[in-house]
Amino acid sequence: MRMYRREEEVDGMAVDPLKAVHTVPGITGHEVCHYFFGPQYRYDWETTLEQMTVLETVSDDTLVFLQTHKRIWPASQRDVLFWSHMRKLPNENDRDGPDLWTVVNNSTTHLDYPPNVGKCVRIYLKVCLLCQTRVDPPKDGAPLTRDNISCKITYCSVVNPGGWAPASVLRAVYKREYPKFLKRFTAYVVNQTKNKPIMF
Ligand SMILES: CCCCCc1ccc(-c2ccc(S(=O)(=O)CCO)cc2)cc1[C@H]1C[C@H]1c1ccccn1
């Protein structure tokens, strides 16, 4: 896994844009996005999650979430309200190749859930998960198995922590949490899919 971060501050708060690139054998981009987008799986892999509610089902590929995350000392507890959209993208570079898949999570507002009215500070985020499946067909024309596929995952995020928290604390948290989060999530997808038919 390669991680790239740019140190940026807004109103004295660290909002460092992050890009992580991780290639995982044995899974497809559709499978990665399916398990990242699906609310029914989130408590399985998102261990910083304390509560998750689907506020709106806009369509089968677009949901509005409200999530409360576990408090990270010494900062106050955070929540986040965002729309989440999953879609397939045509493979412009290889029309015969597997499609790309993406999930975009973007902070939004909701009249019934105004920010910062309870114990939580509202964070604001933009997240893009872009997945490119690679197929290396078996030489002898044998059927395709999970040994012949891999997925290049590009995860980009910008998280504004909402209320003030020391930049040094935020950067230490980001540095610790993001690699754990991405490794845990991808290991979850490998485990969930290993005995299932390949979902392209
Ligand atoms: C003082 C800390 C303030 C910010 C705490 C916080 C809250 C939510 C989030 C977050 C919220 C959503 C997403 S996601 O990609 O849309 C998936 C769906 O859950 C991802 C990360 C991040 C962080 C920052 C810790 C950092 C952190 C990084 C990866 C995991 C956990 N914590």
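Since the structure is predicted, the reported quantities are computational estimates derived from the model, not experimental observations.

Once that is clear, we can look at the site of the ligand. Taken together, 20 residues form the shell around the ligand, and within it Glu46, Gln67, Asn105, Tyr155 and Val173 come nearest. A distance of 2.8 Å is found between an oxygen atom of the ligand and a side-chain nitrogen or oxygen belonging to Tyr155. Out of a free accessible area of 660 Å², the ligand has 99% covered by protein chains. Elements with a minimum of two residues in the shell around the ligand: strand E6 (62-69), strand E10 (124-135) and helix H3 (167-193). Considering only residue class, the shell around the ligand consists of 13 nonpolar, four polar and three charged.

Okay, the pattern of salt bridges next. It is possible for side chains of opposite charge to pair when their charged atoms get near one another. Applying the stated rule across the entire model yields 13 salt bridges. Here Arg171 and Asp16 are joined by a salt bridge, their closest N and O atoms 2.6 Å apart. In this pair, Arg171 is assigned in helix H3 and Asp16 in the loop between strand E3 (13-14) and strand E4 (18-25), connecting sequence segments 155 residues apart. Among the residues examined, Arg171 registers a relative accessible area of 15% and is labelled buried. The exposure class assigned to Asp16 is buried, which follows from its relative accessible area of 4%. Here Asp99 and Lys88 are joined by a salt bridge, their closest N and O atoms 3.9 Å apart. On the criterion of sequence distance, the pair formed by Asp99 in the loop between strand E7 (78-89) and strand E8 (100-107) and Lys88 in strand E7 is long-range, its members being 11 residues apart. Overall, Lys88 belongs to the partly exposed group, its relative accessible area being 48%. When salt bridges with common partners are traced through the structure, they connect Arg5, Glu7, Glu9, Asp16 and Arg171 into a single cluster.

A few words on the packing of aromatic side chains. If you walk through the whole model with that rule in mind, you get 12 aromatic pairs. Measuring from centroid to centroid gives 5.8 Å for Trp45 and Phe181, while their planes differ by 50°, and the two rings are tilted. Of the two residues, Trp45 sits in helix H2 (residues 39-45) while Phe181 sits in helix H3, which places them 136 residues apart along the sequence. There is no split in this pair, since Trp45 and Phe181 are both buried. On the basis of an interplanar angle of 80° and a centroid distance of 6.2 Å, the ring pair of Tyr178 and Phe181 is categorised as edge-to-face. With Tyr178 and Phe181 both in helix H3 and three residues apart, this pair spans about one turn of that helix. By relative accessible area, which is 12% here, Tyr178 ends up buried. Its end group placed over the ring of Phe65, Arg42 keeps NZ or CZ at 4.1 Å from the ring centre.

Turning our attention to unusual backbone geometry. Note: most peptide bonds trans; most residues except glycine with negative phi. Geometrically, the link from Trp73 to Pro74 is a cis peptide bond, its omega value of 5° lying close to zero. Tracing the backbone through its elements, the reader meets Pro74 in the loop between E6 and E7. Located in the positive-phi region is Asp11, a residue other than glycine, with phi close to 50°. Secondary-structure assignment places Asp11 in the loop between strand E2 (9-10) and E3.

This paragraph deals with helix H1 (residues 29-37). The buried count for H1 comes to eight of nine residues, which makes it a mostly enclosed element. Among the residues making up H1, those that are buried are Gly29, His30, Glu31, Val32, Cys33, Tyr35, Phe36 and Phe37.

Attention now moves to the UniProt feature "domain: START" (unreviewed entry) in the protein. If you check UniProt for "domain: START" (unreviewed entry), the listed places come out as residues 1-194 in our numbering. Annotation note: span residues 1-194, helix share 22%, strand share 42%, distance between end C-alpha atoms 21 Å.

Another aspect to go through is the nonpolar core. Counting 41 residues, the largest nonpolar core has Val32, Phe36, Leu129 and Tyr155 as the members making the most contacts within it. Among the elements that line this core, the one with the most residues is H3, at nine residues. Every residue in contact with Phe36, bar those within four places of it in the chain, is listed here: Arg42, Trp45, Val103, Asn105, Val127, Leu129, Tyr155, Phe181 and Phe185.

Scoring rules and cut-offs
- Residues numbered from 1 in each chain as written.
- Predicted model: local features only at pLDDT ≥ 70, side-chain atom pairs only at ≥ 80, totals over all residues.
- Heavy atoms only, no water.
- Near = heavy atom within 4 Å.
- Polar contact = N/O pair within 3.5 Å; in protein donor to acceptor, adjacent residues only side chain to side chain.
- Areas by Shrake-Rupley, 256 points an atom, 1.4 Å probe, with all protein chains shown as cover.
- Helix = DSSP H or I, 4+ residues; strand = E, 2+ residues; numbered from the N terminus.
- Nonpolar A, V, L, I, M, F, W, Y, C, P; charged D, E, K, R; others polar.
- Salt bridge = Lys/Arg side-chain N within 4 Å of Asp/Glu carboxyl O.
- Buried < 20%, exposed > 50% of the residue type's maximum accessible area, 1.4 Å probe, protein only.
- Phe/Tyr/Trp six-rings, centres within 6.5 Å; stacked < 30°, edge-to-face > 60°.
- Lys NZ or Arg CZ within 6 Å of the ring centre and 35° of its normal.
- UniProt positions renumbered as here; feature names shortened; annotations may be inferred.
- Core = buried A, V, L, I, M, F, W, Y, C linked by side-chain atoms within 4.5 Å.
- Contact = heavy atoms within 4.5 Å.

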